[in-house]
Amino acid sequence: MSVLQSPSEARTVAARVVGATKLYGRGDSAVRALDDVSFEFPAGAFTAIMGPSGSGKSTLLHCLAGLDTLTSGQVCIGDTDVAKLSDGELTLLRRNRLGFIFQTYNLVPTLTAQENIVLPLRLGGRNADPEWLAQVVAAVGLADRLGHRPAELSGGQQQRVAAARALVTRPEIVFADEPTGALDSRSSGELLRFLRHAVDEYGQTIVMVTHDPVAASYADRVLFLRDGRVVSQMTEPTADRILDAMKGLGE
Amino acid sequence: MFTLTLKGLRARKVRLFLTAISILLGVAFVSGTLVLTDTVKAAFDQLYAGLTQGTDVTVRATSAFSATSTLQAGKPLPASLVDTVRQVDGVAAAEGSLTGYALMLDKSGKPIQPGGAPTLGAGHTTDPELAGGFTLRSGRAPQAPGEVVVDAATARKYSYQPGDTINIIFESGGQRRFTVVGIAGFGKADNLAGATLATFEMTTAQQLLNMTGQYRQIDVRGKADVTPAELRSRIAHVLPAGLEAVTSAAVANEASKSIQSALSMFTKIFLGFAAVSLLVGSFIIWNTFSILVAQRGREHALLRAIGAGRRQILGSVLTEAVVVGLVASVLGLALGLGVAAGLRGLLGAVGMELPSTALQLHARTVLAAFAVGVLVTLVAALAPAWRATRIPPIAALREAAAPVRDAATWRLIIGGLLLACGVAGLTRAISADSQTAAAALGTLATFVGVLMLAPVAVRPLVRVLGAPISRSVTGGLGRLNAARSPRRTASTATALVIGLALVVAVTVVASSIKASVGDVLDRASRADLILKADSQFAAGVPAGVADKLRTLPEAGTVSEMRWGMAQIGAATTPVAALDPATVDQVANLGIASGSVGALGTDGILLSADVAKAKGLTVGSPLTVRFAQTGDHQLHVIGTFTDTTLIGTPYVVSLGTYDANFSDRLDIAVLVKAKPGVSTAHIKRLAATALAEYPNVAISDANDLKDTQRKSVDQLLGMVYVMLLLAVVIALLGVVNTLALSVLERTRELGLLRAVGMTRRQVRSAVRWEAVLIAAVGAVLGLILGLAFGAAFSRALASLGIVTVDVPIAQPLLCAVIAALAGVVAAIAPARRAAKVDILRAVVAE
């Protein structure tokens, strides 16, 4: 099985965790960040992961994305068992099959917006499909800012550049870690509408960690974590329902 | 505040050490040179103290000034004077002694020529106390004309024992055969400061050394109730004019001083190299502290915000500099002892044997090491420290780092002006001969100008140099990063510019010298053969060589040339002596006015430049002071233009020389064959005729050119080794800058890794950045070095550089190697960059 394998058409599960457990520290002082989490992330859907601070939501995302390793359990991206990959294979997995949007510091300051967008392709020695690139750039509304460097872009624009970069390789999954955490509500809305658009129009799979009920309401499904365990799920969420659920979690 | 600084230092041990290295090597050079100088001086002092032991007063000819060569020690005095001295009240014993030129041969017939020390012959002093440290180790004293005592070092190295026969060459008369009857040492030492010594029975010595009925000096020991000073004044009373009595303490003091002045040349050269490495090192310190201060901007602002004063911030940064300087001084001093041992070995390898004694570490050396290490570091850190105090407290609250400032306008204006002046000076130096001042000032102005403009030049330079690699993603990132902080790149590259510019300039000058050697010889020499001593350390060729050549019917003209030191005006300078009758047939001096034939015994020929500078014309009187005979008024009989063959602007006749110097050694003998006799033939004949002079090298023009080119290459090799040190320090600077940059870009590197950059690609990007920084330094160094080298080659025309040869291949190779050395400099920082923990980098703090 190659990490370069293209996503299969018929696949319905984009990623899967089975019995995922993550311990920090050892012995009595060990902290159980993830405690036997099992979940399947459906392909072509927008999944939000929520939970109070320390619930393990970020840890789950990092382990899913191959940035961190589980203490026990299994993570699969498509049919690929992430735990079995070497550092080099993990790098290629991230480059070719995954997309990332972080909360801050998403862009290389020396590169222009355009260069940042095509960076994963360039790292693989590939050129962007011009039509697809134009489509993504138009969708994030940055066609006139492509020659600018990150320092010349607003926070919202920077995050949209990051989103465009995450999509340009047509990845199996885009992982977004609090992508709107540092944005005002207007910029947040623009970014989230774009992510929703990507799911609806291109069938993109997105997994997003957030603590913002409004952000989570853009998802198809919300996964609630507490103390490293999945406590509930919600489909067709709205901000109000999520807020209620969060209150139930004690936040 | 102080505790805080020290805690910070402890947390950055590796950085501290890396920074200290850049100045450490310079300190090691300084202390190594001082240790070596002190050691050599101590060894010679011990030796002379031993030699004058047992003698209270020495009688000798007065010297008008102290010449440096041992052989030109003093005019001989009549042997009868010994009796006069013996009759002085208070004299316990008095004996004449003499030394002169005697070159021993080894058992295979090769000359035993020590490096940098004379080959002496002496008469045996019978009074054991007056003989100083001279003591027979085995055998007996010489008693008959055919007997000799050999110094223990020569005996040991060339395995001579009592009973062996040994051949010895003197100033006249060729080789003579002797029987070794004894081996002598000098106190604990096996020889006299590296000199070889053959001791003969006194009357024999007088004959062999051309001093029949004469001595060089009289050694006197006083009775117990007379002080040396009192004895000296009593003896002085009975001495005729031209002679003096000197206490042994004064003699030892003189010897010590002359050793020091002989060593001062080496001290200056080595300290010069030390200065270069310190200059390069100071740029690295400056750069490192600039980066540290920039990175710690928020920390300093926070300290300001909670009440730290500007002076406290300044003190904190400078304390760190002092600690770096102290670390560098301690380690540098330790390394300096190693350097001293290494330099002694290096001098030994080129034939300069030094008497051995324990390495001398004086308080002055320790002080110098600490002063140099701490001061250079402090001065280099001063500007960054001052900048740290300018950070406003509010900076602690700002999210982003301060934006990169553009170069100040004044900096551009002054830098531009300096560069323009420098280029003008260099152009002037290159377009005309001997513009030394223009070359020196032009070099300085150009260098400082380039230094000031470098931050502006970095971006375009990196863009151009990096163009070929920008197609690859790692090359492109490397190119962007190299241009990211132009000041940082500029000051890192500057360190390399200094080292490389020097290497290239020296290469150009050396290449010009090599190209000139042939031209000089072709223009100035009309001789078929030029005979010289086969060792550069030998005092010359015995007069017997020229005499022997004159017996060859095929040798049309044999003309010898001698050299002696004289004082003209305030300067002690070499004076050449030629045979006025024959010199025109073997050499072309380029006579501008007058004629060599008119030299006679009171004439002097001057170079046209010197005559012009001194305002002298044909007929003008000129006072020349000779060491042995004092002041003489000579008359200028002509001027000449080509000093390159004889190497001095003053020429007298052999007659004048013989009247004022006592040795008979030729610096060169020039031979012109009779018409119809080929060079090869006369060379063969000369070789046969001079079989008994193995110490003479017989060269035709081509041989001589080869020899001179080889010696230039040898010298160049040594200079390269010294300058290489500066280049190595500069590359350490690249390591330091990259390491700090990598640290600064942890988040960016993590992001790159997260979106799919492999470790190999990370390493490659850092490597390209290093190569580009090094390439900026290499290109600037190459251009500057070529210009400086060409300017100095022209400026040094008077030293015989008639052809300026600017080689391209060798300097280009140096530059390419320097740029590629960036790859080596990048190894550690690249590895560190590749190990960045992605998770920690991408998770918001």
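Since the model is a prediction, treat every value here as computed from it, not as a measurement.

**Notes on the overall build of chain A**
Helix and strand counts for chain A stand at eight helices and ten strands. Computed over C-alpha atoms, the radius of gyration of chain A comes to 18 Å, within 12% of the 18 Å expected from 2.2 N^0.38 for 251 residues, which places it in the range of a compact globule. Once the C-alpha set of chain A is aligned to its principal axes, its extents read approximately 50 × 45 × 35 Å. Taking all contacts inside chain A whose residues are at least 6 apart in sequence as the whole, residues at least 24 apart take part in 69%. As displayed, chain A has an accessible area near 10700 Å², and 46% of this comes from carbon and sulfur atoms. One way to put it: in chain A the 25 positive side-chain charges average out to a point 3 Å from where the 29 negative ones average out.

**What about the sheet that holds strand S1 (residues 13-24) of chain A?**
On the basis of which strands lie adjacent, the open sheet formed by four strands has the order S2-S1-S4-S5 (chain A) and antiparallel pairing. In this open sheet, the two strands that pair with only one neighbour each are strand S2 (31-42) and strand S5 (80-81) of chain A.

**Structural notes on the interface of chain B and chain A**
Across the boundary between the two partners, chain B contributes 25 residues, which contact 24 residues of chain A. Together, the buried faces of chain B and chain A total about 2200 Å²; carbon and sulfur atoms form 66% of this surface. The largest contributions to the chain B side of the interface with chain A come from Leu751, Val755 and Leu839 of chain B, which together make up 26% of the buried area. One can count two salt bridges joining chain B with chain A. For arginine 753 of chain B, the salt bridge identified is with aspartate 87 of chain A, shortest N-O distance 3.0 Å. Every element with two or more residues in the side of chain B that touches chain A is listed here: helix H13 (473-482), helix H21 (746-754), helix H22 (759-795) and helix H24 (838-842) of chain B. Ranked by the residues each element gives to the side of chain B that touches chain A, the list is headed by H21 of chain B, at six residues. Looking at the side of chain B that touches chain A, its residues break down into 13 nonpolar, six polar and six charged.

**Side note on helix H6 (residues 185-202) of chain A**
It helps to recall that an α-helix has 3.6 residues per turn; residues three or four apart then point in one direction. All names here are of chain A. Taking 1.5 Å as the rise per residue, H6 with 18 residues should run 26 Å; its terminal C-alpha atoms sit 25 Å apart, in good agreement. What H6 keeps buried is the set Ser187, Ser188, Gly189, Leu191, Leu192, Phe194, Leu195, Arg196, Ala198 and Val199. Where H6 is buried, its residues meet strand S3 (46-50), strand S6 (98-101), helix H4 (130-140), helix H5 (155-168), strand S8 (205-209) and helix H7 (213-216). Between the side-chain oxygen at the start of H6 and the backbone nitrogen of arginine 186 there is a gap of 3.1 Å, and the oxygen is on aspartate 184. Positive backbone phi, at 70°, marks glycine 203, one or two positions downstream of H6.

**A look at the side chain of serine 607 of chain B**
Residues and elements named next belong to chain B. Tracing the backbone through its elements, the reader meets serine 607 in strand S19 (residues 603-607). Overall, the relative accessible area of 5% leaves serine 607 in the buried class. Excluding anything up to four places from it in sequence, serine 607 contacts Phe640, Thr643 and Pro649.

**Topic: the pairing of strand S16 (residues 555-568) of chain B**
All names here are of chain B. Here S16 lies mainly inside the structure; eleven of its 14 residues are buried. Bridge count for S16 against strand S24 (residues 668-673) is six bridges, and the pairing is antiparallel. Paired with methionine 561 across the strands is alanine 668, a residue of S24. Pairing of S16 with strand S17 (residues 571-578), which is carried by eight bridges, proceeds in the antiparallel orientation. Bridge pairing in S17 links methionine 565 to proline 574. Adjacent in sequence and paired antiparallel, S16 and S17 are bridged by two residues, among which glycine 569 carries a positive phi angle near 65°.

**Comments concerning the state of the cysteines**
All chains considered together, the criterion is met by zero disulfides over all chains. Summary of cysteine pairing: cysteine 63 of chain A is not part of a disulfide, and the nearest cysteine sulfur, belonging to cysteine 76 of chain A, is at 13 Å.

**Looking at the UniProt feature "domain: ABC3 transporter permease C-terminal" (unreviewed entry) in chain B**
The sites that carry the UniProt feature "domain: ABC3 transporter permease C-terminal" (unreviewed entry) are, in the present numbering, residues 273-393 and 721-837 of chain B. Secondary structure content for residues 721-837 of chain B is 82% helix and 0% strand, and the end C-alpha separation is 41 Å.

**As for the sheet that holds strand S3 (residues 91-97) of chain B**
All names here are of chain B. Read from one edge of the open sheet, four strands run S3-S12-S1-S13, paired in antiparallel fashion. Both outer strands of the open sheet, S3 and strand S13 (243-247), are each paired with one neighbouring strand and no more. Direction aside, neighbouring strands of the sheet carry axes that sit 20° apart on average. When strand S1 (residues 57-61) meets S13, the two strands line up antiparallel, connected through five bridges.

**Quick word on the packing of helix H7 (residues 248-295) of chain B against helix H20 (residues 701-744) of chain B**
All names here are of chain B. Where H7 meets H20, the axes come as close as 9 Å, and the angle between the chain directions of the two elements is 5°. Between H7 and H20, the interaxial angle falls into the category roughly parallel. Across the contact of H7 with H20, the residue classes break down as 16 nonpolar, eight polar and one charged.

**Focus: the domain arrangement of chain B**
Under the domain assignment used here, chain B contains domain 1 (51-259), domain 2 (422-524 + 703-845) and domain 3 (529-699). For domain 1 of chain B and domain 2 of chain B, the distance between their C-alpha centres works out to 56 Å.

**Description of a positive patch on the surface**
Residue and element names in this part refer to chain B. A surface patch of like charges, here positive, comprises Arg760, Arg763, Arg767, Arg831 and Lys835. Per element, the largest residue contribution to the positive patch is three residues, and it comes from H22. On the secondary structure map, arginine 760 appears in helix H22. We classify arginine 760 as exposed; its relative accessible area is 63%.

**A few points about unusual backbone geometry**
The backbone of glutamate 178 of chain A sits at a positive phi, close to 50°, despite the residue not being glycine. Note that glutamate 178 of chain A resides in the loop between strand S7 (173-177) and H6. Among the residues examined, glutamate 178 of chain A registers a relative accessible area of 11% and is labelled buried. Phi is positive for serine 159 of chain B, which is not a glycine, with a value near 45°. Looking at where serine 159 of chain B falls in the secondary structure, it is placed in the loop between helix H4 (152-157) and strand S8 (165-170). The partly exposed category is assigned to serine 159 of chain B, whose relative accessible area is 43%.

Cut-offs used in this document
- Residues numbered from 1 in each chain as written.
- Chains lettered and ligands numbered in written order.
- Predicted model: local features only at pLDDT ≥ 70, side-chain atom pairs only at ≥ 80, totals over all residues.
- Heavy atoms only, no water.
- Helix = DSSP H or I, 4+ residues; strand = E, 2+ residues; numbered from the N terminus.
- Rg over C-alpha atoms; globule rule 2.2 N^0.38 Å.
- Contact = heavy atoms within 4.5 Å.
- Areas by Shrake-Rupley, 256 points an atom, 1.4 Å probe, with all protein chains shown as cover.
- Lys, Arg positive; Asp, Glu negative; His and termini not counted.
- Charge placed at Lys NZ, Arg CZ, Asp CG, Glu CD.
- Pairing = 2+ DSSP bridges.
- Buried area = accessible area lost by both parts, 1.4 Å probe.
- Salt bridge = Lys/Arg side-chain N within 4 Å of Asp/Glu carboxyl O.
- Nonpolar A, V, L, I, M, F, W, Y, C, P; charged D, E, K, R; others polar.
- Expected span 1.5 Å × (residues − 1).
- Buried < 20%, exposed > 50% of the residue type's maximum accessible area, 1.4 Å probe, protein only.
- Polar contact = N/O pair within 3.5 Å; in protein donor to acceptor, adjacent residues only side chain to side chain.
- Disulfide = S-S within 2.5 Å.
- UniProt positions renumbered as here; feature names shortened; annotations may be inferred.
- Axes fitted to C-alpha atoms, helices over the stretch in contact; angles between N-to-C directions.
- Parallel < 35°, antiparallel > 145°, perpendicular 65-115°, else oblique.
- Domains from an automatic or database assignment.
- Patch = residues over 30% accessible without salt bridge, like charges linked within 9 Å, V, L, I, M, F, W, Y side chains within 5 Å.

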